[in-house]
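# Observations on the three-dimensional arrangement
This is what each chain is made of:
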Amino acid sequence: MAGGRRAAGLALGWGCCLLLCCAAASKVEVSMPAVVEVESGGTARIECNFYIPENGSYTFINWFYMNRNSRVGLCRVTGSQILEESTDYAGRLSLGEDKALSISRVTMQDARTFVCQVVAGSHGVGENQTELHVYKVPETPEIVANSGGISVQSNDISQIATCVSRNSFPPPNITWHKNGEQLQPEENSVKMSATLTRESSGLYTVSSTLFSRVTRKDRDSLYHCTVHYRLRGHHHALHSPRVNVTVFYPAQHVKLQVMPPSALVKEGDDVKLVCEADGNPAPVFSFYKRELEDDWQDLSSLADTNSGVLNLHDVNKSSSGLYRCQTLDLDDMGQLEKDVELVVNYIEGVHVEMEPPSPLREGDNVTLKCNAHSPVALDYQWRDEKGRTVAEGHRLILKNLTFETSSNFSCKVVAPSVPGLEQSKQVPVAVQGKPRITAVSSPLYVRQDQLVNLTCKAIAFPRPSVRWNVNGTAHEYVEDQHIGSNLTVRVSHDLLRAGAMCRVSNALGAIEEHIQLLDQKTSESKGVIIVAIIVCILVVAVLGSVIYFLHKKGKIPCGRAGKQDITKPEARKDKIVVEVKSDKLSEEAGLLQGANGEKRPAADQSEKYIDLRN
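This structure is a prediction, so every number in the text was calculated from the model and none was measured.

Let's shift gears to the sheet that holds strand β10 (residues 113-119). The 6 strands are arranged β2-β11-β10-β5-β6-β7 in an open sheet whose pairing can be described as mixed. Sheet topology places β2 (35-39) and β7 (81-84) at the edges, where each strand pairs with a single neighbour. The mean angle between the axes of side-by-side strands here comes to 25 degrees, regardless of whether they run parallel or antiparallel. Direction of pairing for strand β6 (residues 70-78) relative to β7: antiparallel, over a ladder of 4 bridges. For T78, the partnering residue across the bridge sits in β7 and is Q81.

Here we come to the sheet that holds strand β35 (residues 395-398). The 3 strands lie next to each other as β30-β32-β35, forming an open sheet whose pairing is antiparallel. Here the strands that pair on one side only, and so sit at the sheet edges, are β30 (348-355) and β35. Taking each pair of neighbouring strands and ignoring which way they run, the sheet shows an average axis angle of 15 degrees.

Tracing the sequence through the fold places R324 in strand β28 (residues 321-328). Within the structure, R324 has its side chain in polar contact with the side chain of D339 (distance 2.7 Å). Residues contacting R324, with those up to four places away along its chain left out, are L256, S286, F287, Y288, W296, E337, K338 and D339.

Here the bond from S442 into P443 is cis, since omega is -5 degrees, no more than 30 degrees from zero. Note on placement: P443 falls in the loop between β38 (431-440) and β39 (444-446). The residue after F461, namely P462, is reached through a cis peptide bond having omega 0 degrees. Here P462 lies in the loop between β40 (451-461) and β41 (465-468). Here R105, not a glycine, exhibits a phi torsion of approximately 50 degrees, which is positive.

Right, let's talk about the pairing of strand β29 (residues 335-342) for a bit. One face of the sheet, then the other: side chains in a regular strand alternate in exactly this way. Summarising the sheet, β28 and β29 pair through 8 bridges and their orientation is antiparallel. Its bridge partner lying in β29, Q326 is registered against E337. The hairpin turn running from β28 into β29, its antiparallel successor, is 6 residues long, and M333 in that turn takes a positive phi close to 60 degrees.

Another aspect to go through is a negative patch on the surface. Together, E291, E293, D294 and D295 make up a region of like negative charge exposed at the surface. Summarising the element assignment, D295 is placed in the loop between β24 (284-290) and β25 (296-298).

Take the packing of aromatic side chains next. Enumeration over the complete set of coordinates arrives at 5 aromatic pairs. Here F50 and Y58 contribute two aromatic rings whose centre-to-centre distance is 5.7 Å and whose plane-to-plane angle is 80 degrees, an arrangement assigned as edge-to-face. Their ring planes at 20 degrees and their centres at 5.8 Å tell us that F169 and Y204 sit as a pair that is stacked. Of the two residues, F169 sits in the loop between β14 (158-168) and β15 (173-178) while Y204 sits in strand β18 (residues 204-212), which places them 35 residues apart along the sequence. Exposure class is identical for F169 and Y204. Each is buried. Grouping aromatic residues by their ring pairs yields a cluster made of Y65, Y89 and F114. Sitting over the face of the ring of F64, R71 holds its NZ or CZ atom 5.5 Å from the ring centroid. Directly above the aromatic system of W296 lies the positively charged group of R324, at a separation of 4.1 Å from the ring centroid.

On inspection of all chains with the given rule, the structure shows 5 disulfides. Across the disulfide, C48 is cross-linked to C116 (sulfur-sulfur distance 1.9 Å). With the S-S dihedral at roughly -80 degrees, the linkage between C48 and C116 falls on the left-handed side. Of this pair, C48 sits in the loop between β3 (44-46) and β4 (49-51) while C116 sits in strand β10, and the two are 68 residues apart along the sequence. In this structure, C48 and C116 share a single accessibility class: buried. The disulfide that involves C370 links it to C411, with 2.0 Å between the sulfurs. As the torsion about the S-S bond is roughly -90 degrees, the C370-C411 disulfide counts as left-handed. Of this pair, C370 sits in strand β32 (residues 366-373) while C411 sits in strand β36 (residues 407-414), and the two are 41 residues apart along the sequence.

The next subject is the nonpolar core. Core analysis: the largest hydrophobic core is formed by 31 residues, its most contacted members being W63, L74, F114 and V118. Mapped by element, the contributors of at least two residues to this core are β2, β3, β5 (60-67), β6, β9 (101-103), β10 and β11 (125-135). Judged by nonpolar contacts, the second largest core, of 28 residues, contains M354, W382, V413 and A460.

The pairing of strand β31 (residues 360-361) with β38 spans 2 bridges and is classified as parallel. Paired with L360 across the two strands is V431, which belongs to β38. Pairing geometry for β38 and β40, over 5 bridges, is antiparallel. Paired with G433 across the strands is F461, a residue of β40.

Using the criterion set out here, one finds 17 salt bridges in the structure. R45 is the salt-bridge partner of E47, the closest N and O atoms lying 3.0 Å from each other. Looking at R45, the relative accessible area reads 39%, which means it is partly exposed. Measuring nitrogen to oxygen at the nearest pair gives 3.3 Å for the salt bridge that ties K178 to D218. Here D218 lies in the loop between β18 and β19 (223-231) and K178 lies in strand β15, a separation of 40 residues in the sequence. For D218, a relative accessible area of 5% corresponds to the buried category.

This part takes up a nonpolar patch on the surface. Together, V542, V546, F549 and L550 line one region of the surface with nonpolar side chains, adding up to about 340 Å² of accessible area. Topologically, V542 is positioned in helix α3 (residues 520-553). The exposed category is assigned to V542, whose relative accessible area is 51%.

Turning to the side chain of T175, a few remarks are in order. Looking at the element boundaries, T175 is found in strand β15. Not counting residues within four places of it along the chain, the set of residues in contact with T175 comprises Q182, H224, C225, T226 and H228.

Per-residue pLDDT for the chain averages 82, and the proportion of residues at 70 or more is 84%. Overall, residues 1-25 carries pLDDT values under 50, and its contacts beyond four positions in sequence, including any with other chains, amount to 1 contact. Segment residues 559-614: pLDDT under 50, and 56 contacts once partners within four positions in sequence are set aside and those in other chains are kept.

Rules used throughout
- Residues numbered from 1 in each chain as written.
- Predicted model: local features only at pLDDT ≥ 70, side-chain atom pairs only at ≥ 80, totals over all residues.
- Heavy atoms only, no water.
- Pairing = 2+ DSSP bridges.
- Helix = DSSP H or I, 4+ residues; strand = E, 2+ residues; numbered from the N terminus.
- Axes fitted to C-alpha atoms, helices over the stretch in contact; angles between N-to-C directions.
- Polar contact = N/O pair within 3.5 Å; in protein donor to acceptor, adjacent residues only side chain to side chain.
- Contact = heavy atoms within 4.5 Å.
- Patch = residues over 30% accessible without salt bridge, like charges linked within 9 Å, V, L, I, M, F, W, Y side chains within 5 Å.
- Areas by Shrake-Rupley, 256 points an atom, 1.4 Å probe, with all protein chains shown as cover.
- Salt bridge = Lys/Arg side-chain N within 4 Å of Asp/Glu carboxyl O.
- Lys, Arg positive; Asp, Glu negative; His and termini not counted.
- Charge placed at Lys NZ, Arg CZ, Asp CG, Glu CD.
- Phe/Tyr/Trp six-rings, centres within 6.5 Å; stacked < 30°, edge-to-face > 60°.
- Buried < 20%, exposed > 50% of the residue type's maximum accessible area, 1.4 Å probe, protein only.
- Lys NZ or Arg CZ within 6 Å of the ring centre and 35° of its normal.
- Disulfide = S-S within 2.5 Å.
- Core = buried A, V, L, I, M, F, W, Y, C linked by side-chain atoms within 4.5 Å.
- pLDDT = per-residue confidence, 0-100.

Here it is as structure tokens:
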């Protein structure tokens, strides 16, 4: 009995085990991703993959979402149809060919757990779940720096800037950086405070404020904040623009300079004395000039005490001296000062000496000496009345003076090291003497009763006067140190015979010049004769040229064959005989035919003398 019971129990145990194994093998298997991430406003795709034994098919698929600890029906899928059960997701659900559920226009409220349940009839039921994470990339952070400025002498930790990041999910973290290096909280030195605000949209706004002590070096420091967030398992960051804060600190150094540099300042210039201090804000500036050893003249009324500029207009020699700039810091009442020497370059005492002194006469030599005083080296140039440079150096030597030499010479004194610094001094060189006539209109061909202009030009110093010995209308003029006179007069018989006299005189003497008048008719007769003679000469020359040309062309017989020779016969030397010879018998025959066409014998044609006396 006991053995039977044990066998029955064993059989029952194995049967139950086999039943459980068969049931486990026939169970529906469902696989889903543990987490799905989607950006707010996008579409979430939740896959639901399942396995049904023996290639079985499902009856329907149920989708739920978890609300706290309870399930809420979302939809049921039968075949290719989807039956929506939740009004919160109406119009936002769709089903893919692989039975994946897509949720469009995802919001922050959709961040929850979704369950996929597959019902397969006799194969039972299988399910799994996915956690949907909804994120929103934060906006670029905004940073606002302290606009009031921070003093290095402040005992409190001052606010540097505030950083705000809006519309993010989940909330990000904010870090602070100075000159590219991340800042960490330090007691009594660096502090950061953050606030987190959830908006009605479900998005977060994060704000952070940086507090820190500052030093003089922080006047050039740049601060920025960084927003850090995670997306799909990776870290991301957004950086704000870099900002600078105003730092207040007292001046430690002061600088005073002359603009333009003192070495180039000359009389008549406008000069600026610029005072600069390295404090912020700039201190109050005051200017002084030393008059005596311990006596300083206050020039602040002439200066811009805020910008630290002292303007000096039209400076001169007396403007040179020691100037002082004094600064006053209104925070700690500290004072600093700086001195600078102003040198105004000048040229004075320009004078010219003449050796020998005036008066000068034609033929004399003269030396001009130029001198001046200046604190810098000087160059000297000599120029004539037309501005042309004639010499360089202290001296100008003029030799063998004439009236034409008379001019106003100038000595130009230049300081090469100071551009634009120069002065000039003029000196007249007047050569005195009695007049010298340089031009007259003589001889002058005229006709009787004709109105003519007689001209007489002279040079002299002192200025001479011009007189005529005949009556007429005189007009005097000055041209290049010359004095001229034009006399308009009618030609009379006496004037034509005697001519006119020009007299030029001054205090040192006089000179006269005769102007000869010639009758134009007589000159024309003589001119005709001269022209006739010239024509005859030209005709003879042309005739000789023609004869020579014909001789060269052979048109005039010459030489042994047909030479015309003028000789003297032996019997009588006073006879002129022309001998004609020819070697061409045919031509001789033709030339010596008689009047009746008869030819003469050749012997008679060989020679022929013609007596040219009769």
